[in-house]
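# Structural overview
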Amino acid sequence: MDTVPIVDSLDQIYTDGLLDQAQRYDQLAQGFEALYGQPPALIARAPGRVNLIGEHVDYCGFPVFPMAIERDCLIAVAWEPASAEARTTTTTTTTVRLSHVHSDQYPACVFTHPSPAELARHPGVPAVVDISANRLTWSNYFKCGYRGAHELMAQTAAELPASAAKPPYLSSHHHPSGLNCLMNGNIPTGAGLSSSSAFVSCAAIATMAAHELLPLTSGNANPSPPAYTITTPPSASVQRNLDRTRLTEIAISSERYVGVNSGGMDQTCSIMSQPNSASFIEFYPRLRATPVAVPRVQPALTFVIANSGVTSDKLVTAPVCYNLRVVETRLGALLLARYLGIDQRPALAQAPPNNRHFKLVMDEPSTTTTTTATATTTSPSQSLRETGWTRTQISQVLDTPWPQLERQIEVDRFPIHAEVFHVYRRAHHVFSEALRVVQFRQICQQAPLSATAVDHLFQKLGQLMNDSQTSCRDWFDCSCPELDELTYICRAAGAVGSRLTGAGWGGCTVSLVPSDRVDHFLRTVHREYYQVRNPALGDEPNQSDLFATQPGRGAVIYRV
Ligand code: NG1
Ligand code: MG
């Protein structure tokens, strides 16, 4: 089983290539003790990511190709076990205290979690923590991860056979009376580097660990029924690890509680990435992350991130940007299925995160390659392609009343504002982008030998990234003037490819730069993008907006 490593001591960070980060961990631990009067028991770490290629295709079920970056979210945690008295009852309520090292920007928050007895009265629906999607507050992301972890615990407990001992989730032994958390993150927010998913994933991991309720991994291929242990005091004979795949699935679905109908790329990359590799992430037929080493060539392939400075707050823009795109691609899948004569219901019946609407198309490779072309040339008509579809037109073609469609495409849960839906334009992007992801991976796997082959490698990868940017800009409408300008500047400054990364509408670009051109690249981009906007800037590129990055490792827990 693939697991989240639990590292036995903070010393590990010194051998983990995180030496320059050691001070940050120390400060976090000291800050924690100053705040709560006790040292943290562990520090959970989950990294951000940069998506190399494959934008807005994850929620359509197609593979993506991101890599974890060094920037990350850290959460230090300690918990108060239930009192001896409470251990004999199941009425312990958990008080969760959450603070951020930058408390001026991110005010502390306290919430309570019902006792096991209360939870037992609502079996199967652990709607235990209120996450108001209308109130935009940073702690919502923590609550998503916290609530997701509880859902995972409840799910795993429910899988125990009836004859098994009482599920530990419902036992007070596993229900701390207090949970103290302190967060520190250095991923820029609203920049397309996935600060939100790193936070949600980190919160889920920290919560699982703090509940001392970790599924055992014995290397047994068939680990059911799940085994549990209380890890205090830790038993050396017991390997305590979290199953990464289930944890990832729960982090994916729980992040949607904030109101964005997001795909699963970011949490998967944050939790499942392996050191020194990008991840080829598949969602169909099941979630899988395959490490793909970035080819080792000379000059080295270097990925440089540049922040456009345009903040894209997905929570605010979701109804006209992100959630609308999810709806447009789903409607596209339904219309395409209708034209192809495929029954779409089985795919739509699956609950998130397994709803793979484009499964239909992927399951029918021979039909689709030919028929997609036919469908797009004969129908929809040229004018519908250009003007988009109205609700009435879609209802008519699908022979389904709009209110019923709204439920199918989850508009009831994730509202949108639109009069027309550009299904053709969005589908055009999705299919071409999905192909580029597969090509990008194939090229990475064919390590070149000669110098001309290296040059060719750069050109091919760069071209795919540039084509991705064009498609995001022209078909998916998720770029913005600043991102367009920044990618032009990056290419002129020596990048072989440059594109927006993440959801777009602002945030960062990622550029592929041969290592021998990186210095020149950084200076040129600094001068032509950042200094032009702020002439007061010095000549040294600002590390927080413009930096080269290496593929980093996925989530980990440090015992302090
Ligand atoms: P950002 O906005 O960069 O965190 C989002 C989604 C991804 C994916 C990309 C676009 C979330 C948490 N993540 O990323 O699932 O759809 O946009 O490729 O919403
Ligand atoms: Mg995000």
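Quick caveat: nothing in here was measured; it's all calculated off a predicted structure.

Calculation criteria
Residues numbered from 1 in each chain as written. Chains lettered and ligands numbered in written order. Predicted model: local features only at pLDDT ≥ 70, side-chain atom pairs only at ≥ 80, totals over all residues. Heavy atoms only, no water. Helix = DSSP H or I, 4+ residues; strand = E, 2+ residues; numbered from the N terminus. Expected span 1.5 Å × (residues − 1). Buried < 20%, exposed > 50% of the residue type's maximum accessible area, 1.4 Å probe, protein only. Pairing = 2+ DSSP bridges. Axes fitted to C-alpha atoms, helices over the stretch in contact; angles between N-to-C directions. Contact = heavy atoms within 4.5 Å. UniProt positions renumbered as here; feature names shortened; annotations may be inferred. Phe/Tyr/Trp six-rings, centres within 6.5 Å; stacked < 30°, edge-to-face > 60°. Lys NZ or Arg CZ within 6 Å of the ring centre and 35° of its normal.

On to helix H6 (residues 195-210). Helix length check: H6, at 16 residues, gives a terminal C-alpha distance of 22 Å against a target of 22 Å (1.5 Å per residue), a fit within 8%. In terms of residue burial, H6 counts as a mostly covered element, since 16 of its 16 residues are buried.

Turning our eyes to something else, we now look at unusual backbone geometry. Residue Pro285 is bonded to the preceding Tyr284 through a cis peptide linkage, with omega at 5°. Among the secondary structure elements, Pro285 is positioned in the loop between strand E9 (277-282) and strand E10 (288-293). At the junction of Gln298 and Pro299, the peptide bond is cis and its omega measures out at -5° in the coordinates. Residue position: Pro299 is located in the loop between E10 and strand E11 (301-307). In this structure, His56 is a non-glycine residue whose phi angle is positive, near 60°. Relative to the elements of secondary structure, His56 occurs in the loop between strand E3 (42-53) and strand E4 (65-80).

So, about the sheet that holds strand E15 (residues 508-514). Reading across from one edge, E14-E15-E11-E16 is the order of the four strands in this open sheet, with antiparallel pairing throughout. Only two strands of the sheet have a single neighbouring strand rather than two, namely strand E14 (497-500) and strand E16 (546-549). Here the strands of the sheet are splayed against their neighbours by 25° on average, with no regard to which way each runs. Against the sheet, helix H18 (residues 451-474) contacts E11, E14 and E15, and its axis sits at roughly 30° relative to E14.

The next point concerns the UniProt feature "domain: GHMP kinase C-terminal" (unreviewed entry) in the chain. Feature annotation in UniProt places "domain: GHMP kinase C-terminal" (unreviewed entry) on residues 458-530, given in this structure's numbering. Taken end to end, residues 458-530 comprises 58% helix and 15% strand; its first and last C-alpha atoms sit 26 Å apart.

This next bit is on the packing of aromatic side chains. The final tally for this structure, using the stated rule, is 14 aromatic pairs. For the ring pair Phe62 and Phe431, a centre distance of 6.2 Å and an interplane angle of 70° mean the geometry is edge-to-face. With Phe62 in the loop between E3 and E4 and Phe431 in helix H17 (residues 423-445), the pair connects residues that are 369 residues apart, well separated along the chain. The class for Phe431 is partly exposed, based on a relative accessible area of 24%. Ring centres of Phe111 and Tyr146 lie 5.4 Å apart, and the angle between their planes is 85°; on these two criteria the pair is classed as edge-to-face. In this pair, Phe111 sits in strand E6 (residues 109-113) while Tyr146 sits in helix H5 (residues 139-158), placing the two residues 35 residues apart along the sequence. In terms of burial, Phe111 and Tyr146 fall into one category: buried. An aromatic cluster is defined as three or more aromatic residues linked by ring pairs; in this entry it consists of Tyr106, Phe111, Trp138, Phe142, Tyr146 and Phe199. Its guanidinium or amino end placed over the ring of Tyr257, Arg147 lies 3.8 Å from that ring's centre, counting from NZ or CZ. The ring of Phe476 is capped by Arg325, whose NZ or CZ atom sits 5.7 Å from the centre of that ring.

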